[in-house]
Structure formats: C-alpha cells, structure tokens
Amino acid sequence: MGTARERYLQALDLFSAEARAGADRLGLPSACTDWSIADVIRHVTGVQAEYGAGALLGRAEGDGDLTADHSTVMAHGSDFEAVEAWEVLAARLRSAAHDADEDAFRALPLATLDMALHAWDIRWGSARVGLAGNLDFPAELLEWMEEYRERANEASIRKPTIFGAAMEPPADASPSERFAAWTGRETRTGREPRGDSLPGPSDG
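Residues numbered from 1 in each chain as written. Predicted model: local features only at pLDDT ≥ 70, side-chain atom pairs only at ≥ 80, totals over all residues. Heavy atoms only, no water.

K.L.:
Help me understand helix H7 (residues 175-182), please; the structure alone is not making it clear to me.
P.N.:
In terms of residue burial, H7 counts as a mostly covered element, since 6 of its 8 residues are buried. Every buried residue belonging to H7 is among Ser176, Glu177, Phe179, Ala180, Ala181 and Trp182, and all of these are buried. Looking at the residues trailing H7, positive phi occurs at glycine 184, about 95 degrees. (Buried < 20%, exposed > 50% of the residue type's maximum accessible area, 1.4 Å probe, protein only. Helix = DSSP H or I, 4+ residues; strand = E, 2+ residues; numbered from the N terminus.)

K.L.:
Help me out: how do you make sense of the packing of aromatic side chains in this one?
P.N.:
Given two aromatic rings, their pairing is described by the distance between the two centres and the angle made by the two planes. Across all of its chains, the model carries 6 aromatic pairs by this definition. Here the aromatic cluster, defined as three or more aromatic residues joined through ring pairs, consists of Phe137, Phe163, Phe179 and Trp182. (Phe/Tyr/Trp six-rings, centres within 6.5 Å; stacked < 30°, edge-to-face > 60°.)

K.L.:
For this particular structure, what's the right way to read the pattern of salt bridges?
P.N.:
Pairs may arise between side chains of opposite charge once their charged atoms sit close together. Taken as a whole and judged by the stated rule, the model has 13 salt bridges. Aspartate 121 is the partner of arginine 185 in a salt bridge, and the nearest nitrogen-oxygen pair spans 2.6 Å. On the criterion of sequence distance, the pair formed by arginine 185 in the segment after H7 and aspartate 121 in helix H4 (residues 109-127) is long-range, its members being 64 residues apart. In this pair, the class of arginine 185 matches that of aspartate 121, namely buried. The residue glutamate 147 makes a salt bridge to arginine 151 at a minimum N-O spacing of 3.8 Å. (Salt bridge = Lys/Arg side-chain N within 4 Å of Asp/Glu carboxyl O.)

K.L.:
How should the environment of leucine 56 be read in this particular structure?
P.N.:
Within the secondary structure, leucine 56 is located in helix H2 (residues 37-56). Taking the relative accessible area as the measure of exposure, leucine 56 reaches 11% and is therefore buried. It is 6.4 Å that separates the C-alpha atoms of leucine 56 and alanine 100, two residues lying 44 residues apart in sequence. Not counting residues within four places of it along the chain, the set of residues in contact with leucine 56 comprises Tyr8, Leu93, Ala96, Ala97, Ala100, Ala104, Phe105 and Leu108. (Contact = heavy atoms within 4.5 Å.)

K.L.:
Just checking my understanding: could you explain unusual backbone geometry for this structure?
P.N.:
Glycine aside, a negative phi is what most residues show, and trans is what most peptide bonds show. Not every positive phi belongs to a glycine, and aspartate 34 is a case in point at roughly 70 degrees. Residue placement: aspartate 34 occurs in the loop between helix H1 (4-21) and H2.

K.L.:
Quick question: what am I supposed to make of the nonpolar core here?
P.N.:
Nonpolar side chains tend toward joint burial in soluble globular proteins. The biggest cluster of nonpolar side chains holds 55 residues, and the ones touching the most others in it are Tyr8, Phe15, Ile41, Leu56, Trp86, Phe137 and Met145. Of all the elements in the fold, those that place two or more residues in this core are H1, H2, helix H3 (79-99), H4, helix H5 (139-151) and H7. What phenylalanine 137 contacts, discounting residues up to four positions off in sequence, is Leu14, Ala116, Leu117, Trp120, Leu142, Met145 and Ser176. (Core = buried A, V, L, I, M, F, W, Y, C linked by side-chain atoms within 4.5 Å.)

Here it is in structure tokens:
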C-alpha cells in the first residue's frame with residue numbers, strides 16, 4: 001500500500017487530474033448532494049488549505065478554523081477560478097509533501113481520503129450525463145481505503161458532515177463503486193445518461 005506520504009500524493013494527483021478534466025463542466029451536479037463540480041473543487045481546496053497546509057507547510061492557509069464543520073469548509077472565488085486556485089495550492093502541497101518528514105502525514109488520513117472520494121464525485125458528475133465512466137481508484141490507494149473502512153467506527157462516521165447511510169451497490173458494482181456506496185454515494189446513475197440540461201459555470 002506504500003507509505004502515508006505516497007498515499008497522500010497519489011490522492012492529490014488523482015484529485016488534480018479529475019479537477020482539470022472537469023474544468024469545462026463546472027456547473028454539473030457532482031455526487032455530493034447540492035454541490036456542483038466547482039463546489040467540490042472549492043471544498044477540497046478549503047480542506048487542504050486547512051489540514052494539508054497545516055501539516056505540511058506548518059500553518060493553515062484557509063480561514064484558520066480547524067474545528068469548523070468539515071462540510072462547510074469552502075475556498076472563496078467563482079466557479080471559473082476554482083481549478084486555478086486548486087492548482088496553485090496543490091503545487092505547493094506537492095512540493096512540501098516530497099520534503100516533509102513522514103510523521104507529518106499521521107495527521108492526514110482523512111484529508112487523503114477526502115481527496116480520493118471527491119475525485120470520484122467529480123467524475124460521477126461527468127458519468128451521470130454519459131461523458132465518462134465512474135472512476136476506478138488506483139489499486140494501492142483502494143486497498144488502503146478498504147482497510148480504513150474495516151477500521152472505521154460506524155457510529156462516528158455516519159454523520160451528515162462525514163458519510164451518510166451506506167447505500168446498496170448494484171450486484172455487478174466495481175470495488176470502487178462498492179466503496180463509494182459504503183460512504184453513502186449513489187453509484188450507478190453514472191451509467192445511464194440523463195436527459196436534463198447541462199448547466200454551465202455560474203459567476204458565484
């Protein structure tokens with residue numbers, strides 16, 4: 001499964017790739033209820049500006065409230081600025097992660113999982129309308145995520161700010177889809193294009 005550093009970097013690169021791929025469809029709904037693809041990117045930017053920067057850069061660079069409700073942590077800026085803001089932060093975190101002591105990553109398992117899951121959420125937004133298939137997590141990262149699932153305290157994680165109630169995956173679901181369903185995400189709608197309109201980025 002590699003080291004905690006390697007997992008963090010893999011999740012960071014995975015999210016970055018999906019954020020770039022979603023740059024021309026920022027207004028589409030994501031797998032996160034009520035969040036567009038742009039909202040997911042702003043959320044991850046906000047989370048990593050707090051937790052990732054706090055651990056790797058020695059200081060949080062968000063709003064400075066590390067005790068904030070996780071679901072409300074959101075970077076500022078318009079939809080059109082979301083990907084660029086993420087890329088700027090990601091470059092700094094990537095550089096710092098290569099140089100940081102391995103102990104720094106002990107504080108980042110949830111931040112690592114957050115990036116991986118939200119990469120899946122962005123891809124789902126495209127899969128939902130037939131522009132892609134659902135994301136398959138890299139094998140080593142998925143192995144670690146499944147170990148995380150085995151160790152998880154169900155009473156603690158089944159909260160609106162973390163994971164909703166687990167959903168039943170389709171019988172032929174992939175391992176990645178099964179993990180997403182465990183976190184409360186609807187999976188298979190991504191396999192059937194929907195006929196609704198495709199919203200564009202907003203100015204908000």
